[in-house]
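The residues making up each chain are set out below.
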Amino acid sequence: MRRFRLGIRMTVLLAVAAATSGCTSDVDEARAPGVADTAAPELSRLVGALTDTVPGVTAAVATPDGVAWCGAYGWSSRELGEPMQPDRLLGIGSITKTFISVILHQLADEDRLSLDATPASIVGDPLEGIANADKATLWQLMNHTSGIPSWEDDAEWQRDGRGAALDVERTWGKLDALEYIRGEPPLFAPGEDYSYSNSNFTILGLVVEAVTGEDLVAVIEERVRRPAGLDSVFLEGFEPVPQERLARRYHFATAEFRETAGVHPAFPEVDGGLIDVSASNLSVEWAAGGMVASAPDLARYGVAVFDGTLLSAEALDALMTFRPIRWSSPDESDAAREPVVETGFGFFRHKLGRFHVLEHTGDVLGYSAFLFYEPGNRVALAILANAGTMHAGRGVGIGNAVLRDDRFIAAAIAVARDAQGEVSCGN
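Heads up: these notes are all about the structure in this document. (Residues numbered from 1 in each chain as written. Predicted model: local features only at pLDDT ≥ 70, side-chain atom pairs only at ≥ 80, totals over all residues. Heavy atoms only, no water.)

### Quick look at the sheet that holds strand β4 (residues 90-91)
For clarity, the threshold we go by: In short, DSSP must find at least two bridges between two strands for them to pair. Helix numbering and strand numbering both begin at the N terminus, where a helix is a DSSP run of H or I of at least 4 residues and a strand a DSSP run of E of at least 2.
Within the open sheet, the 3 strands sit side by side as β4-β9-β5. Their pairing is antiparallel. Pairing within the sheet leaves two strands with one partner each, and these edge strands are β4 and β5 (233-235). As judged from the 3 bridges shared by β5 and strand β9 (residues 291-293), these two strands associate in the antiparallel manner. Counted as the bridge partner of phenylalanine 234 is valine 292 from β9.

The following block contains the structure:
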């Protein structure tokens, strides 16, 4: 697939933007303030190369001292000739779930709820007819062992929520997606198996609102955004979002996507096997995946989860109690039969080459996202792309590159070690 390169005029504009913002571009690898020349170009090269596959990428590295590096590559909007900028907002998909988990652990730490409770015992009637809602615990919803079916796996929802039958003018209600699984049987008894389910976090969002008596946006503001100093994280469809900062949305319209979801008439075809899905919004995802964020703020958030800003030591221990969901196989180089991916109660632990990282990824219509935290060096790396891959099949997009290459983490650690203060990323 061809690389989405900028023209000469945009090259000059990006070079000027990089020089004034303290961030790199795909045509200017001059170091950001406080970042060593020997480190930043490697991370810039690795992240910038992702535009071989997607129109645009933003990325940032953060430590407890602040944002150490940020970069923007390719296009925010190819049609309008707008280069990607570090402060652009992109969808973070299921990384939204980590915000909900953090809040639940805070509430449990304050004795405002028990994570051994069932969601039905807290939310009540809105969960009638949802399998296992009266049996699974909040713990089991957070680590995806509840057995509650995911609305995302429903064939009708896929067309209504992301495909040919989508109402692009609609703002979905908080309960709307649950209607696709109401009355369906459970996948298994709670705790017996693992199955990733968006429904778990739609339900947990309702739990947060029931316990606090507040709208979820207000709870996120009070308990996450304000303490962590975030001003570029929004729950789309449920609060105002600065439209001028949103990166345009593209999606891989593979044969599998066309068969599974179908292409809406409002989604025009563009080069590179993509469709432009900018007419859509993320309200359909709500607490399960509806946030947009800038890469610098997402990296700041990643640090804040683990450095004591948002969680007590006891709550953090609970968040990071892990259970294996994928083991190494005999054909892997480290075939010592150790867990490769484990699920905790909010984040996953992933063996990535030389590193064990705490991570969550996100993939929604129009966007894909990756958040890593390397605890040994207290470094967070956020990578956001304006191209989604849901329902498009395996091996599509940048996921394979990012999730299988430990050079991204190694370069982020090198940048963080040489940083001498926080850089400005324009937000």
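### Overview of the sheet that holds strand β16 (residues 387-388)
Strand order in this open sheet of 4 strands is β7-β8-β6-β16, and the pairing throughout is mixed. Because the sheet does not close on itself, it has two edges, and the strands there are β7 (269-270) and β16. Pairing of strand β6 (residues 250-252) with strand β8 (residues 274-276) involves 3 bridges; the strand directions are antiparallel. Note on β8: the bridge partner recorded for phenylalanine 252 is leucine 274.

### A closer look at the pairing of strand β15 (residues 379-385)
Keep this limit in mind: The buried label goes to any residue with under 20% of its type's maximum accessible area, the exposed label to any with over 50%, and the partly exposed label to all in between, with areas taken from a 1.4 Å probe on protein chains only.
For β15, the buried fraction is high: 7 of the 7 residues fall into the buried class. Residues Val379, Leu381, Ile383 and Ala385 point to one face of β15 and Ala380, Ala382 and Leu384 to the other, with burial holding for every one of them. Relative to β15, strand β1 (residues 56-63) is paired through 6 bridges, and the arrangement is antiparallel. In the strand pairing of β15, threonine 58 is matched with leucine 384. Inspection of the sheet shows strand β14 (residues 367-374) paired to β15 by 7 bridges, in the antiparallel sense. Its bridge partner being in β15, phenylalanine 370 is matched across the sheet by isoleucine 383.

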